[in-house]
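Chains, contacts and geometry: an overview
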Amino acid sequence: MKKLALIGCGGIGGYHLEHFLQYTDVELAGFCDLIPERAQEFAARAGSRAFTDYKEMYDAVEPDMVFICIPPYCHGEIEFETIRRGIPFFVEKPLALELSLAREIRDAAEAKGLITASGFQCRYSNIVEPTREFLRTHTVPFVECARMGGIPGTPWWGDKRLSGGQVVEQTIHQFDMIRYVFGEPDTVFSMAARGFVDGGEGYRTDDLSSTVVRFRNGALGVISTGCYATGGECFDSKITFSAPDARLDHYIIDKVNIYGDQPAPAEASGQGLVVRNDGTMKAAGSGAQVIRDDGSAGVICDRTFIDAVLTGDGSKIRSSYRDALRSVAFTLACNQSMETGLPVKVELD
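All of the points below concern the structure found in this document. (Residues numbered from 1 in each chain as written. Predicted model: local features only at pLDDT ≥ 70, side-chain atom pairs only at ≥ 80, totals over all residues. Heavy atoms only, no water.)

1. Section: helix α4 (residues 77–84)
Filter applied, for reference: The classification of residues rests on relative accessible area computed with a 1.4 Å probe and restricted to protein chains. Under 20% of the type maximum is buried, over 50% is exposed, and intermediate values are partly exposed. By definition, any uninterrupted DSSP run of H or I lasting at least four residues is a helix, any uninterrupted run of E lasting at least two residues is a strand, and each is numbered from the N terminus. Note on definitions: a residue-residue contact is assigned when non-hydrogen atoms from the two residues lie within 4.5 Å.
Listing the buried residues of α4 in full gives Ile-78, Glu-79, Glu-81, Thr-82 and Ile-83. Buried residues belonging to α4 abut β1 (2–7), α3 (54–61), β4 (65–68), β5 (89–91) and α5 (99–112). Directly after α4, the chain includes Gly-86, whose backbone phi takes a positive value near 75°.

Rendered as structure tokens:
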């Protein structure tokens, strides 16, 4: 039986542990965290061993695969040691905060021929294929995306130097989904705002940012994100793919609403102002076809990586390290634009 280890027993590590406990064909061999109690808690749940030094864990259990679930600013040494030992690895987003480092890790892993994967579990949702089908059958000139939330409790999150900011650390899921279903970005222009959030001591990040994107297919997009929300009424966080006569609203790991591909119910007709000649049109507010997420994306994401290691075939992994790095490049280009005040060409590779 192949042995699995995990580094980083925080919140996202716990997310993966819940999945691991459902599997019976891998041995949960070791859990590592700098805080002993956290590693011990994970190990106790899994009937495994706890460590505070990942090299010691590697020496002791000799894992066949490892999940690396560490904060954004901690990447580098762990990946290189993992690669040196020839261990396939799954690494949580955003991979790294410097493109040069992430590219070095990518190249080293590929030179070693290792199977890799990343934590873009949203790609495995059952609502992804209806979104892709909509995009295959409609011309979409415009994409609009928003993710508005609050400040996570993780102490490093509020310092942009440690987290990369909300675009890189959280909203990268939306950036990645847009890449995955719609296409690659060409150029971004981003602006940020501060002064709306009292984040307390150590809060040094943007309250809000908006990015204009030109995609390689010629379409335009706007992606906005903020951590100023105190309630769900703040904003309807979603990705909208707008076609001339239809639209799809993609709520990540929740649902998709499709408007325009089915006749609207009778009560929806005649509502609101529609002036076709000058381009003013009221968005459809009812009559949507709704497809809901089935809640299995995270389990499938982890299982796909494990199966790839068990079989030696990584072809079903939807987000390898190489591909995940492109989403990191997308978001880091936005940060660069915020810093320089200039449009930035996205260097995906």
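2. Observations regarding a nonpolar patch on the surface
Stated formally: Residues enter patches when they are more than 30% accessible in relative terms and free of salt bridges; like-charged ones are connected within 9 Å and nonpolar ones (Val, Leu, Ile, Met, Phe, Trp, Tyr) within 5 Å. Calculation of accessible area relied on Shrake-Rupley with a 1.4 Å probe; when residues are assessed, cover is drawn exclusively from the protein chains displayed. A carboxyl oxygen of Asp or Glu within 4 Å of a side-chain nitrogen of Lys or Arg is what we treat as a salt bridge.
On the surface, a nonpolar cluster with roughly 270 Å² of combined accessible area is contributed by Phe-189, Met-191 and Val-212. Topologically, Met-191 is positioned in strand β8 (residues 185–193). By relative accessible area, Met-191 is classed as exposed at 55%.

3. Here's the deal with the pattern of salt bridges
In this structure the tally under the stated criterion is 28 salt bridges. The residue Glu-18 makes a salt bridge to Arg-45 at a minimum N-O spacing of 2.7 Å. Taken together, the residues span a long stretch of sequence, with Glu-18 in helix α1 (residues 11–20) and Arg-45 in helix α2 (residues 36–46) at a distance of 27 residues. Residue classification places Glu-18 among the partly exposed residues on the basis of a relative accessible area of 40%. A salt bridge links Asp-236 to Lys-238, with the shortest nitrogen-to-oxygen separation between them at 3.4 Å. With a relative accessible area of 38%, Asp-236 lands in the partly exposed category.

4. So, the sheet that holds strand β3 (residues 50–51)
Using the following cut-off: Strands were regarded as paired on the criterion that DSSP finds at least two bridges between them. Simply put, an axis is a line fit to the C-alpha atoms, just over the touching stretch for a helix, and the angle between two N-to-C directions goes from 0 to 180 degrees.
The strand order across the open sheet formed by six strands is β3-β2-β1-β4-β5-β6, and the pairing between neighbours is parallel. In this open sheet, the two edge strands, each paired with only one partner strand, are β3 and β6 (116–118). Note that β4 and β5 share three bridges and pair parallel. Along β5, the bridge assignment pairs Phe-67 with Phe-90. Together, β1, β2 (26–32), β4 and β5 form the strand contacts of α1, whose direction differs from that of β1 by roughly 160°.

5. Brief notes about the packing of α3 against α4
Note the following rule: An angle below 35 degrees is treated as roughly parallel, one above 145 as roughly antiparallel, one from 65 to 115 as roughly perpendicular, and anything else as oblique. A clockwise turn of the near helix away from the far one marks a right-handed crossing, whereas an anticlockwise turn of less than a right angle marks a left-handed crossing. Three categories are distinguished: nonpolar for Ala, Val, Leu, Ile, Met, Phe, Trp, Tyr, Cys and Pro, charged for Asp, Glu, Lys and Arg, and polar for the others, with Gly belonging to the last.
The interhelical angle for the contact between α3 and α4, taken along N-to-C directions, is 20°, at an axis separation of 11 Å. In terms of their interaxial angle, α3 and α4 are classed as roughly parallel. Like other packed secondary-structure pairs, α3 and α4 cross with a definite hand, here right-handed. Side by side, α3 and α4 meet where Tyr-54, Lys-55 and Tyr-58 of the first sit next to Glu-77, Ile-78, Glu-81 and Thr-82 of the second. Of the residues that constitute the contact of α3 with α4, the class distribution is three nonpolar, one polar and three charged.

6. Section: the packing of aromatic side chains
Let me state the cut-off plainly: For Phe, Tyr and Trp, where Trp contributes only its six-membered ring, two rings pair if their centres lie within 6.5 Å, and the inter-plane angle classes them as stacked under 30 degrees, edge-to-face over 60, or tilted in between. In our convention, an over-ring charge means Lys NZ or Arg CZ found within 6 Å of a ring centre and within 35 degrees of that ring's normal.
For the coordinates displayed, the defined rule picks out 10 aromatic pairs. Relative to Tyr-321, the ring of Phe-89 has its centre 6.1 Å away and its plane inclined at 70°; by these criteria the two rings are edge-to-face. A residue pair is termed long-range when its members are at least 10 positions apart, and Phe-89 in strand β5 and Tyr-321 in helix α11 (residues 321–340) qualify at 232 residues. The pair Phe-89 / Tyr-321 is uniform in exposure class, with both members buried. An aromatic cluster is present here, built from Phe-20, Phe-67, Phe-90 and Phe-305 joined pairwise through their rings. In this arrangement the basic side chain of Arg-132 is found over the ring face of Tyr-180, its NZ or CZ atom lying 4.4 Å from the centre.

7. Regarding unusual backbone geometry
The amide bond that connects Lys-93 to the next residue, Pro-94, takes the cis arrangement and shows omega of 10°. As for its position among the elements, Pro-94 is in the loop between β5 and α5. Unlike most non-glycine residues, Ile-253 shows phi in positive territory, near 50°. With respect to the helices and strands, the residue Ile-253 is situated in the loop between β12 (247–251) and β13 (255–259). Residue Ile-253 is classed as partly exposed on the basis of its relative accessible area, which comes to 35%.

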